[in-house]
Amino acid sequence: MSRNLVKISGVNSYVPKGILTNHDLEKMVDTNDEWIVSRTGIKQRHILKEEGKATSDMATEAVKGLLTKTNTSPDEIDLVICATITPDMKFPDTANTLCDKVGINNAFGFDINAACSGFLYALTTGAKFVESGSHKKVIVVGIDMMSSIIDYTDRTTCIIFGDGGGAVLLEANDEPYGILDSYFKGDGSGRKHLHLKAGGSAMPTSEQTVKDNLHYVYQEGKHVFKRAVSGMVDTIKVVLERNNLSNDDIDWLVPHQANMRIINSVAGMLDFPEEKVIINIQNYGNTTAGTLPLCLADFEHQFKKGDKILLTAFGGGFTWGTTLLTWAY
Ligand code: UT7
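Residues numbered from 1 in each chain as written. Predicted model: local features only at pLDDT ≥ 70, side-chain atom pairs only at ≥ 80, totals over all residues. Heavy atoms only, no water.

1. Examining the domain arrangement of the protein chain
The condition that has to hold: Domain start and stop positions are those given by an automatic or database domain assignment. Contacts were defined at the residue level, with two residues in contact if any of their heavy atoms lie within 4.5 Å. Here the quantity called buried area is the total loss of accessible area, with a 1.4 Å probe, experienced by two parts when brought into contact, counted for both. A side-chain nitrogen of Lys or Arg and a carboxyl oxygen of Asp or Glu constitute a salt bridge if their distance falls within 4 Å. The numbering of helices and of strands both runs from the N terminus, where a helix is a DSSP run of H or I of at least 4 residues and a strand a run of E of at least 2. When residue character is reported, Ala, Val, Leu, Ile, Met, Phe, Trp, Tyr, Cys and Pro are called nonpolar, Asp, Glu, Lys and Arg charged, and the others, Gly included, polar.
What the domain assignment lists for the protein chain is domain 1 (5-176) and domain 2 (180-326). Computed from C-alpha atoms alone, the centre-to-centre distance between domain 1 and domain 2 is 14 Å. Between domain 1 and domain 2, the residue contacts involve 48 residues of the former and 47 residues of the latter. Summed over both partners, the interface of domain 1 with domain 2 comes to about 3,500 Å²; 63% of that surface belongs to carbon and sulfur atoms. Per-residue buried area on domain 1 facing domain 2 is highest for Cys116, Leu120 and Tyr121; these three make up 18% of the total on that side. At the surface where domain 1 touches domain 2, the tally comes to 2 salt bridges. We note a salt bridge from Lys69 to Glu300, for which the minimum N-O separation is 2.8 Å. Elements that contribute at least two residues to the side of domain 1 that touches domain 2 include exactly strand S1 (5-14), helix H2 (33-40), strand S3 (44-46), helix H5 (118-131), strand S6 (138-145) and strand S7 (163-173). Among the elements that make up the side of domain 1 that touches domain 2, the one with the highest residue count is S7 (6 residues). In terms of residue class, the side of domain 1 that touches domain 2 is built from 23 nonpolar, 16 polar and 9 charged.

Take a look at the structure:
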């Protein structure tokens, strides 16, 4: 089989220096380390605290490091796609802001808003531009500053989320390694269970929306939990089946890091052994679009050329899906 695949030729991540531990949270809301660890697996999250810094500043660090690592000049980049639900501003997009900050001058850019599935949607979108031959080098970023939309008096959400993310470089590949398949789903009726009420056209910002605390993440955790497990399991099964693969053929399962119990349920239902499942939620919490590139960056040193990797995610929208790729270096 010879098919020109689009490869990930490099990955780099960035998390801010500030750390918020479970013990810090114990002093802020009625919670405790034991509850958080046993219910979510999270021990700490990174929080961007520097005055005036935003999502694009974290993305800038991730992308600058990626260009250095891959020995790529900013002028070689044709397109930048940024998956985020915490853009610097409602408009313009964060992708173009980060191009300006990095010095990427020959590219166009746009954002993708698909919450925790954003990185996978952006990865596949970026790969299509390369596959078509119209663009040679594409950067895909998945990153969020969740601390900007979290209510730190709400113990059901503030213990989960963190800031950070990462970026990958996409290029054409002569060798048979790269992005093989993606299967994505959406269900807009899920929006009532996970959303941010105010600040959009449905409920513009007003004194009242601020007073009513409507500019923060609203989540019905139990419902989202169940849908996340079934959504990821179902799309993994479809991708395995239509590529004639079983879980034995997969070297790594890289799940969105929302909750350790969700990850364990997905892996358990599909009989994936523990050692194949990538987990770093304990260090970062849920960084929304950032979790998957953070996983790729943290485990890059363990991946071998040709390894088959499944990436899977579920998030607000609802959005969800699975991507299959072979590691190219
Ligand atoms: O990435 C985007 C998609 N998001 C997700 O995938 C998140 C999915 N959901 C979850 O991860 C979990 O549902 C949570 C971590 C949000 C909550 O865990 P849970 O096991 O579903 O807890 P629960 O909401 O059923 O709450 C159980 C109890 C409640 O008390 P009662 O009613 O049993 O007395 C809560 O009030 O735990 C209480 N509780 C807490 N206790 C201590 C809720 N949050 C806390 C807390 N500390 N931080």
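The discussion continues.
2. Here's the deal with the site of the ligand
Put simply, the rule reads: In this text, near means that some heavy atom of the residue lies within 4 Å of the molecule or strand in question. Under the rule applied, a polar contact is a pair of N or O atoms within 3.5 Å (in protein, one hydrogen donor and one hydrogen acceptor; residues adjacent in sequence only if both atoms are side-chain atoms). Accessibility throughout is a Shrake-Rupley quantity obtained with a 1.4 Å probe, and a residue counts as covered only by protein chains that appear here.
Taken together, 21 residues surround the ligand, and among them Thr31, Arg39, Asn259, Arg261 and Asn286 come closest. In this structure, a nitrogen atom belonging to the ligand sits 2.7 Å away from a side-chain N or O atom of Thr31. Contact between the ligand and Trp35: a nitrogen atom at 3.4 Å from a side-chain N or O atom of the residue. The fraction of the free accessible surface of the ligand (950 Å²) that becomes covered by protein chains is 75%. At the level of secondary structure, the elements contributing two or more residues to the shell around the ligand comprise H2, helix H6 (155-158), helix H8 (221-242) and helix H9 (260-269). With 4 residues, H8 is the single largest residue contributor to the shell around the ligand. Split by residue class, the shell around the ligand holds 8 nonpolar, 8 polar and 5 charged. Built from parts of two domains, the shell around the ligand gets at least three residues from each of domain 1 (5-176) and domain 2 (180-326).

3. Brief notes about the pairing of strand S12 (residues 308-315)
The criterion, for reference: Each residue's exposure class comes from its accessible area (1.4 Å probe, protein chains only) as a fraction of the maximum for that residue type: buried when under 20%, exposed when over 50%, partly exposed otherwise. We call two strands paired when DSSP finds no fewer than two bridges between them.
For S12, a buried count of 7 out of 8 residues is recorded, marking the element as mostly surrounded by other parts of the structure. Note that strand S11 (residues 252-255) and S12 share 4 bridges and pair parallel. The residue of S12 that forms the bridge with Pro255 is Thr312. Alignment of S12 against strand S13 (residues 319-326), held across 8 bridges, turns out to be antiparallel. Across the sheet, the residue bridging to Leu311 is Thr323, located in S13. Counting the residues in the hairpin turn of S12 and S13 gives 3 residues, including Gly317, whose phi is positive at 145 degrees.

4. What to know about the nonpolar core
The criterion, for reference: Residues belong to a common nonpolar core when they are buried Ala, Val, Leu, Ile, Met, Phe, Trp, Tyr or Cys residues joined through side-chain atoms within 4.5 Å.
Core analysis: the biggest nonpolar cluster contains 42 residues, and Val266, Phe272 and Leu310 have the highest contact counts within it. Those elements giving two or more residues to this core turn out to be H8, H9, S12 and S13. Broken down by element, the residue count for this core peaks at 8 residues, all from H8. Two domains each put at least three residues into this core: domain 1 (5-176) and domain 2 (180-326). If we ignore the near neighbours within four places in the chain, the residues touching Leu310 are Ile236, Val239, Leu240, Ile250, Trp252, Leu253, Val254, Phe272, Thr322, Thr323 and Leu324.

5. Overview of the sheet that holds S7
What counts, and what does not: Note on geometry: axes are lines fitted to C-alpha atoms, helical ones only across the stretch in contact, with angles between N-to-C directions running from 0 to 180 degrees.
In spatial order, the strands read S1-S7-S6-S4-S5; together these 5 strands make up an open sheet with mixed pairing. In this open sheet, the two edge strands, each paired with only one partner strand, are S1 and strand S5 (108-112). The sheet shows a mean angle of 20 degrees between the axes of neighbouring strands, taken without regard to direction. Both S1 and S7 contribute to a ladder of 9 bridges, which runs antiparallel. Within S7, the position partnered with Val11 by the bridge is Val168. Relative to S1, helix H11 (residues 291-299) is tilted by about 90 degrees, and along the sheet it contacts S1, S6 and S7.

6. Notes on the pairing of strand S4 (residues 79-83)
Inclusion rule: Here, the term right-handed applies to a crossover whose path from the first strand over the helix to the second runs clockwise when the strands point away from the viewer.
Most of S4 is tucked away, with 5 of its 5 residues classed as buried. The side-chain alternation of S4 yields two buried faces, one formed by Leu79, Ile81 and Ala83 and the other by Val80 and Cys82. Sheet analysis places S4 next to S5, joined by 5 bridges and oriented parallel. By the bridge assignment, Leu79 is partnered in S5 with Phe108. Assessed by its sense of winding, the connection that carries the chain from S4 through helix H4 (residues 94-102) to S5 is right-handed.

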